[in-house]
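Descriptive structure summary
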Amino acid sequence: MDFNSLLQQAQRLTNETQTSEELPRVERTISQVLEATKELHSRVTQTGAQDIQAHILLGSKGIDLPKISQKLESLNARKTFEPLDPIADTDIQSFLKNEKENAILSVIEEVHKNSFLNAQKRKWEHIKSDWRQEKMKLMNALVGPSQNWIDIQKLPEQTIINETFGTRSCLNRIEMAYAREVYDYNAIVIKGAFRPSLVQRFAKVAQSFDDPKVNEIWEIMKYMVDVTPVSRNRDPMQSRQHITQFVDQAKKYLENRYKLYMSTIISGNLREAQRGGVPSIFNLVSSFVGLTFNQGNCFGLQDATIEGKPLWPMVYYCLRCGDLQSALKCMQMGGAGHEDFMQVLEDKVNKPEQKINSKLEGQLKLHYCNKIKNSTDPYKKAVYCIIAGCDPHEQHLEVAKTTDDFLWIQLSILRTDVTENSEALTYSGLQTMILEKYGEKHFNAGEQQHLYFQVLALTGQFEAAIEFLSRTEKYRVHSVHIALALNEMFLIAGPRNVQEPLLSVDIEDPIPMRRLNIARLVMLYVKKFEITDPAEALQYFFFLRNLKDPEGRNLFLVCVSDLAIECRDYDLIFGKMMPTGVPAGGLFQQFDCVEFDTRVAAGMVAEELVRKGMFEDAIKLFDIANMQSQSLRYLSLMLSQVVHQSSKKGSLRERLSVLASDFSERLRGSRIECEPQVIATFNLLTELVAFFDYYHERKYQIALEVLANTKLVPMSMNDLEECISNFKRLGGEICKVYPDILLAAMDILFSQYKAIKGKDTVMLDTGRDSQLQHLRQKAKALTNMAATVPYRMPGDTNKRLVQTEILMH
């Protein structure tokens, strides 16, 4: 190839390069290209493989790595917050400069340190709050009683509600039936009428559930509460230990059940029973013993027979049915040889309230120890133990074939008046045996909840029985209403502090008694439906009206307050304030009484809302609580934050504006006890609401007229002194919004200035110049006002005002 063809190809390539827009034109000679190549080669050989790869990667993205490296190297390497270098004492200028920089650095360091400490403090507070909530949930889930008093702070618990429910009730058929009875009962209590028995009412409702075990539970409670009314001024725990009627009622229930059982057996075997004569317990027992015992199973039975039936089974079953007279008749028919026993039995029949002759009882115990204890007749041993109260450790397994039999024998042999050295079974001893010695495992409580509840309730351990029943989903609703019914009769012993666990032990109580925290039980039950059914929730909270929280507040009001804050439907609970100044409607009004009313409850909720920072909700509730001064105070505080904003539909400013308008209309003709400063601030803010509304609607002239009436800003230099004097009397709410007032007023003046300035005129219009000059004077008064008032304006307020004034000249 010759040089001519090579030249032509080079020119062609040059032309193609010039027409291409993708590549920049290279204007380098061959020697320059060679020099650049050598420089690039030397640079590449000096760096490692990783640097080469970095160059290639960043170069493909359009980044010049060498240039960035040069810029980084040129930066000042001194760290900003390093201590400054010392200087000579004679260099005043450098000394002052260093002092200034040191002061700035120290402030920055202090702020950084405080911010870090505050962040740490808030973090730990949040962690502790979460742990307290978890601790509360764990304590609520405890299945066993606490052995000590545990102090747990009351905290609101999160409620998880299925959003698909909407407004549908969370109460099932059983819960709703109980809730209706609760409502009817509370209505009677509020009216002050005679209180019916809640146990009887709930037991009647339970019959509609078609559950024999639930009916049996309520039947037990009907027997156990049929005692002399307990004084409300006495501790229920002490009353229960000294009232023997609980033992008598428990025995009565077991005896009536056994009579029903015997009648059922006989009815199924009428031919074999051969029952005849006048219906009586003696004939019933005789027929039952005739069915149970025959010649084949009378082995070991002793002494005579009665009409062909063994004596001691006849006596035992008469006692088992609670008929001492029939038992005495059996002994009389049995012949001689048991005079002491018959005498004791006769004394029990004729003098039931009188204490048994200790001498006779001692002789029976001695006779039992010498002869009866080793007897082969189990019924004879059981009868002696029941009548004389001896040998409390004997289980009588051959006689007591069911839990009812065992419990009845134990109730029969216990004694209330015992000495320290005696071995008699006491009421406390029986309770300890049932609750602690045998416990849930012995009675298979996991499978037979109603049975374990029965033995606890019949031994007077209502608190432990209710707490046990409340652990199961099936019986929880019944346990809550049993607790409510007994609490209304002052039969439930509560803890000293409502923050205690559900079941707790007080060291001053007799062993093994427990105390039931009915407040916690009710609140845990209501938590399920309090959002969807607030009316029913209030009815259950009403049962807590006689309790106090650790701060001494009425627990009913505390629960209502928590519910109101959680559901935030204040109109439903407390009613709506009418233009007449009287709240109308509201679920709480039905509970108004001497101790508390709607106003007290609303005020309590409002104060809690203020502590939570929910001022908007607190304003309405303070109004319902007849605390209009507080309403105006917080309404002014809220308005001052949004009054300068434009009003948008659904915004906070719109809601507050409507609220302020309602207050102004209602308070116009009335007089409230409030500080004049609060009323003056509120009135000024309502006028500013109108001013900013007109301002954002561009109704400038009306806005200026409203602003002039407030006397907040000068409309001329002559008004400057008066406005400054007025400013000194303003509250913090108005001062906060004052810069926005000045800026809005200046913007109005500038808009008017531009409108007048922009009008087309052919001849000199002296009126226009006068108007422009008047606007300039107003603008000057505003800038002077901003510079004179004793209030620190935001950084750019004065600057913007001055710039606008300059534009108007």
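Below, the structure is looked at part by part. If you're wondering where the values come from, they're calculated on a predicted model, not measured in any experiment.

**Some words on the overall build of the chain**
- Within the chain one finds 36 helices and six strands.
- Out of the 809 residues in the chain, the part that is buried amounts to 43%.
- Considering only intrachain contacts with a sequence separation of at least 6, the fraction spanning at least 24 residues in the chain is 61%.

**Remarks on the environment of Leu 684**
- Residue position: Leu 684 is located in helix H31 (residues 676–696).
- As a C-alpha pair, Leu 684 and Leu 712 span 28 residues in sequence and 9.2 Å in three-dimensional space.
- Excluding residues within four positions of it along the chain, Leu 684 makes contact with Thr 710, Leu 712, Leu 730 and Ile 734.

**As for the nonpolar core**
- Ranked by size, the top nonpolar core spans 221 residues in total, and within it Phe 574 and Leu 688 carry the most contacts.
- Ranked by residue count, the leading element in this core is helix H34 (residues 732–757), at 15 residues.

**Things to note about unusual backbone geometry**
- Of the consecutive residues Ile 511 and Pro 512, the connecting peptide bond is found in the cis state with omega at 5 degrees.
- Here Pro 512 is to be found in the loop between strand E3 (503–504) and strand E4 (515–516).
- Of note, the phi angle at Asp 391 is positive, near 50 degrees, even though the residue is not glycine.
- Note that Asp 391 resides in the loop between helix H17 (378–388) and helix H18 (403–413).

**What about the packing of helix H13 (residues 311–320) against H17?**
- Two numbers describe how H13 lies on H17: the axes approach to 8 Å, and their chain directions differ by 40 degrees. Judged by the angle between their axes, H13 and H17 are oblique. Note that H13 runs across H17; the crossing there is left-handed. Taking contact as the criterion, the partners of Trp 312, Pro 313, Val 315, Tyr 316, Tyr 317 and Leu 319 in H13 are, on H17, Tyr 379, Lys 380, Ala 382, Val 383, Tyr 384, Ile 386 and Ile 387.
- Here the residues of the contact of H13 with H17 are counted per class, giving twelve nonpolar, no polar and one charged.

**Focus: helix H27 (residues 598–611)**
- With 14 residues, H27 ought to run about 20 Å at 1.5 Å a step, and its terminal C-alpha atoms sit 20 Å apart, in line with that.
- In this fold, the buried residues of H27 make contact with helix H25 (555–567), helix H26 (570–574), helix H28 (615–624) and helix H29 (628–642).
- You can read the cap of H27 off the contacts: a side-chain oxygen lies 3.3 Å from the backbone nitrogen of Arg 599, and it is on Asp 597.
- Following H27 by one or two positions, Gly 613 adopts a phi angle in the positive range, close to 85 degrees.

**A few points about the environment of Leu 652**
- Here Leu 652 lies in helix H30 (residues 652–667).
- What makes Leu 652 partly exposed here is its relative accessible area of 27%.
- Taking the C-alpha atoms as reference, Leu 652 lies 9.1 Å from Leu 639; in sequence the two are 13 residues apart.
- Non-local contacts of Leu 652, meaning those with residues more than four positions away in its chain, are made with Glu 616, Met 638 and Val 642.

**So, the side chain of Ser 479**
- With respect to the helices, strands and loops of the structure, Ser 479 is situated in helix H22 (residues 476–488).
- If near-sequence neighbours (up to four positions away) are discounted, Ser 479 is found in contact with Ile 466, Leu 469, Ser 470 and Leu 521.

**Here we look at the environment of Tyr 475**
- Secondary-structure assignment places Tyr 475 in the loop between helix H21 (462–469) and H22.
- Using a relative accessible area of 2% as the deciding quantity, one classes Tyr 475 as buried.
- C-alpha of Tyr 475 to C-alpha of His 450: the two residues are 25 residues apart in sequence and 8.8 Å apart in space.
- Each residue touching Tyr 475, except ones within four places of it in the same chain, is listed here: Lys 213, Val 214, Ile 217, Gln 449, His 450 and Leu 469.

**Side note on the packing of aromatic side chains**
- This structure, assessed with the given rule, holds 40 aromatic pairs.
- With a centroid separation of 5.7 Å and 55 degrees between ring planes, the pair formed by Phe 202 and Trp 218 is classed as tilted. Placement of Phe 202 in helix H7 (residues 198–206) and of Trp 218 in helix H8 (residues 212–224) is noted, with a sequence separation of 16 residues between them.
- The exposure class assigned to Phe 202 is buried, which follows from its relative accessible area of 0%.
- Taking relative accessible area as the criterion, Trp 218 reaches 1% and is therefore assigned buried.
- An aromatic cluster is present here, built from Tyr 258, Tyr 261, Phe 288, Phe 293, Tyr 316, Tyr 317, Tyr 379 and Trp 408 joined pairwise through their rings.

**Section: the side chain of Asp 617**
- Looking at where Asp 617 falls in the secondary structure, it is placed in helix H28.
- Residue class for Asp 617 comes out buried when judged on its relative accessible area of 10%.
- Each residue touching Asp 617, except ones within four places of it in the same chain, is listed here: Arg 568, Tyr 570 and Leu 609.

**Structural notes on a nonpolar patch on the surface**
- Judged by side-chain polarity, Ile 92, Phe 95 and Leu 96 come together as a nonpolar surface patch covering roughly 300 Å² of accessible area.
- Considering the arrangement of structural elements, one finds Leu 96 in helix H5 (residues 92–140).
- Leu 96 sits in the exposed class, given a relative accessible area of 53%.

**Looking at the packing of H8 against H22**
- In the contact formed by H8 and H22, the axes pass within 12 Å of each other and the chain directions differ by 15 degrees. Taken as axis vectors, H8 and H22 run roughly parallel relative to one another. Crossing hand, H8 versus H22: right-handed. Residue-level inspection shows Val 214, Ile 217, Trp 218 and Met 221 of H8 in contact with H22, the latter providing His 478, His 481, Ile 482 and Leu 486.
- Taken together, the residues of the contact of H8 with H22 break down into six nonpolar, two polar and no charged.

**Examining helix H14 (residues 324–333)**
- Along H14, the residues classified as buried are Ser 326, Ala 327, Leu 328, Cys 330 and Met 331.
- Packing partners of the buried residues in H14 comprise helix H12 (281–292), strand E1 (305–306), H13 and helix H15 (339–350).
- The opening residue of H14 is Asp 323, an N-cap whose side-chain oxygen sits 3.2 Å from the backbone nitrogen of Gln 325.
- Looking at the residues trailing H14, positive phi occurs at Gly 335, about 95 degrees.

**With respect to the pattern of salt bridges**
- For the coordinates displayed, the defined rule picks out 28 salt bridges.
- A salt bridge links Glu 175 to Lys 528; the shortest N-O distance between them is 2.9 Å. In this pair, Glu 175 is assigned in helix H6 (residues 173–191) and Lys 528 in the loop between helix H23 (518–526) and helix H24 (534–541), connecting sequence segments 353 residues apart.
- Its relative accessible area of 6% is what places Glu 175 among the buried residues.
- Across the salt bridge formed by Glu 467 and Arg 471, the nearest N and O atoms sit 2.9 Å from each other.
- A residue is classified by how much of its surface remains accessible, and Arg 471, at 27% relative accessible area, is partly exposed.
- Salt bridges sharing partners connect three or more residues here, namely Asp 235, Arg 496, Asp 506, Glu 508, Asp 509 and Arg 515.

Cut-off values and rules
- Per chain, residue numbering runs from 1 following the sequence as it is written.
- The predicted nature of this model means local features are confined to residues of pLDDT at least 70 and side-chain atom pairs, given and counted, to a pLDDT of 80 or more, with totals for whole chains, interfaces and linings taken over all residues.
- In computing side-chain values, all of the structure's heavy atoms are included and hydrogens and water are not.
- A run of DSSP states H or I qualifies as a helix once it reaches four residues; a run of E qualifies as a strand once it reaches two. Both are numbered from the N-terminal end.
- Relative accessible area decides the class of each residue, using a 1.4 Å probe on protein chains only: under 20% of the type maximum gives buried, over 50% gives exposed, and in between gives partly exposed.
- What makes two residues a contact is simply this: any of their non-hydrogen atoms within 4.5 Å.
- Put simply, buried Ala, Val, Leu, Ile, Met, Phe, Trp, Tyr and Cys residues joined by side-chain atoms within 4.5 Å make one nonpolar core.
- Axis angles are defined between N-to-C directions and span 0 to 180 degrees, where every axis is a line fitted to C-alpha atoms and, for a helix, only to the segment in contact.
- Angle categories are assigned with fixed cut-offs, so that under 35 degrees is roughly parallel, over 145 is roughly antiparallel, 65 to 115 is roughly perpendicular, and the rest are oblique.
- In this scheme, a crossing is called left-handed if the near helix is turned counterclockwise away from the far one by less than a right angle; it is called right-handed if the turn is clockwise.
- Polar here means any residue other than Ala, Val, Leu, Ile, Met, Phe, Trp, Tyr, Cys and Pro, which are nonpolar, and Asp, Glu, Lys and Arg, which are charged; Gly is therefore polar.
- Multiplying one less than the number of residues by 1.5 Å gives the expected span of a helix.
- Any N or O atom pair separated by 3.5 Å or less is treated as a polar contact, with the protein-specific requirement of one donor-capable and one acceptor-capable atom, and with residues adjacent in sequence counted only for side-chain atom pairs.
- For this analysis, a ring pair means two rings from Phe, Tyr or Trp (six-membered ring only for Trp) whose centres lie within 6.5 Å, classed as stacked if their planes differ by under 30 degrees, edge-to-face if by over 60, and tilted for the remaining angles.
- Patches in this entry comprise residues that are over 30% relatively accessible and not in a salt bridge; like charges within 9 Å are linked, as are nonpolar side chains (Val, Leu, Ile, Met, Phe, Trp, Tyr) within 5 Å.
- Exposure was quantified through the Shrake-Rupley algorithm and a 1.4 Å probe, taking into account, for residues, occlusion by the shown protein chains and nothing else.
- Salt bridges are defined by distance alone: a side-chain nitrogen of Lys or Arg within 4 Å of a carboxyl oxygen of Asp or Glu.

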